[in-house]
Number of protein chains: 2
Amino acid sequence: MAKRASHDKAECPVARTVDIIGDEWSLLILRDAFDGLRRFGEFQKNLGLAKNILATRLRHLVAHGILEHAPASDGSAFHEYVLTDKGRDLFHVLVGLRQWGEHHCFQPGEPHSVLVDAQKGQPVRPLEVHAHDGRRLDATDAVVKKVSEQKPRAKR
Amino acid sequence: MAKRASHDKAECPVARTVDIIGDEWSLLILRDAFDGLRRFGEFQKNLGLAKNILATRLRHLVAHGILEHAPASDGSAFHEYVLTDKGRDLFHVLVGLRQWGEHHCFQPGEPHSVLVDAQKGQPVRPLEVHAHDGRRLDATDAVVKKVSEQKPRAKR
DNA sequence: GAAATTGGTTTCAAAATGAAACCACCCAGG
DNA sequence: CCTGGGTGGTTTCATTTTGAAACCAATTTC
């Protein structure tokens, strides 16, 4: 009776995404993956989570094509977990989480890690949402149009 | 012994953010809040989650200053939950989740809701990460600089 | 060839979740 | 003013998930 809710068939893309990566450990695993971590032991050590939990999360991310479980690049017989293209496309999400945290989760002057442009070492710009015509949008300028409200497509 | 992990003192802003909003229901509540939902019953009906869970999540979001529990705007004696400025700053995160889902969680031709510019009705542009100097960056162009690697600040 | 490291799985207790029952307050109608 | 229904929860209890630790097989190192 207490089955865990699933949103994998929702019409809302946010719900489907959240259904896949919307938990604490998955997001932190992805953060570490973007940071270059690859090996089971690296994730486990860096995150400090139980190995069974890590194993299930990695399996899940691999099953959804976000990570790939490939032979280790160091020539050993072990394997490693690397971001796929699909996984790399989560970059914006992680940047968004990071920038919000930088802005709202630290005291003034409290040090935190920073995301910088690898070439110049300068911090990246805050994310912005832009309209199709280039105007900058904030939350009140954008609305969700449900499927039922969308214009029926031209034929074909 | 099975205490839930906490990252509220991490030096990584992603970890702190995820610690606060990194769960399925909180993210979906926020999605609905951006969509204009305000009342307890609206959230409960739209999300279909148990009332006790909703109550704890809302309390948590209010405690962290993301939602505000204010008297209802319709003049009744009830209250409603509205995004604070801090909460509205999560817009980019939700947009990121949405765009990834649009791109990766639907079959070609499968309908989904769309985030559009309220003025013109056009879909919003995909998010982009830009360097300080305006160059567009992808995941491989950006690196996290840990606190320990940062230049000690000039005096003062 | 032995010992340590890696990458897990298994086991079990503790914590979180979910469904349903319950309850207090507000509000509308008569 | 009384009553019935809607709103916004809290409580209770069963089920599920998590987390810690023990265990284990394969690999690598010594």
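Thresholds, definitions, all that
Residues numbered from 1 in each chain as written. Chains lettered and ligands numbered in written order. Predicted model: local features only at pLDDT ≥ 70, side-chain atom pairs only at ≥ 80, totals over all residues. Heavy atoms only, no water. Near = heavy atom within 4 Å. Polar contact = N/O pair within 3.5 Å; in protein donor to acceptor, adjacent residues only side chain to side chain. Helix = DSSP H or I, 4+ residues; strand = E, 2+ residues; numbered from the N terminus. Nonpolar A, V, L, I, M, F, W, Y, C, P; charged D, E, K, R; others polar. Domains from an automatic or database assignment. Phe/Tyr/Trp six-rings, centres within 6.5 Å; stacked < 30°, edge-to-face > 60°. Buried < 20%, exposed > 50% of the residue type's maximum accessible area, 1.4 Å probe, protein only. Lys NZ or Arg CZ within 6 Å of the ring centre and 35° of its normal.

A.B. asks: What should I look at first to understand the protein's contact with DNA strand D in this one?
C.D. replies: Near DNA strand D there are 25 residues, and of these Asn52(A), Ala77(A), Arg39(B), Lys51(B) and Tyr81(B) occur at the shortest range. Within 4 Å of the protein, atoms of DNA strand D come from sugar and phosphate in 69% of cases. Arg57(A) places a side-chain nitrogen or oxygen 2.8 Å from a phosphate oxygen of DNA strand D. Between DNA strand D and Tyr81(B) there is a distance of 2.8 Å, counted from a phosphate oxygen to a side-chain nitrogen or oxygen. Where the surface near DNA strand D is concerned, the elements lending two or more residues are helix H4 (51-63) of chain A together with helix H3 (40-47), helix H4 (51-63) and strand E2 (79-83) of chain B. Examining the composition of the surface near DNA strand D, we find that four residues originate from one element, H4(B), more than from any other. Considered class by class, the residues forming the surface near DNA strand D number 13 nonpolar, six polar and six charged.

A.B. asks: It is not clear to me how the domain arrangement of chain A should be interpreted in this structure. Could you clarify?
C.D. replies: Buried accessible area, meaning the area lost when the parts come together, often serves as the stated size of an interface. Assigned domains within chain A: domain 1 (13-88) and domain 2 (91-144). The gap between the C-alpha centroids of domain 1 of chain A and domain 2 of chain A is 23 Å.

A.B. asks: Which parts of the structure should I look at to understand the packing of aromatic side chains?
C.D. replies: Where two aromatic rings form a pair, the distance of their centres and the angle of their planes describe that pair. In the structure shown here, the tally under the stated rule is two aromatic pairs over all chains. Residues Phe34(A) and Phe91(A) carry aromatic rings whose centres are separated by 5.7 Å and whose planes lie at 45° to one another, so their mutual orientation is tilted. You can see Phe34(A) sitting in helix H2 (residues 24-34) and its partner Phe91(A) sitting in helix H6 (residues 91-104), a full 57 residues away along the chain. Classification of Phe34(A) as buried rests on a relative accessible area of 19%. By relative accessible area, Phe91(A) is classed as buried at 7%. The lysine or arginine in question, Arg16(A), covers the ring of Phe106(B), its NZ or CZ lying 3.8 Å from the ring centre.

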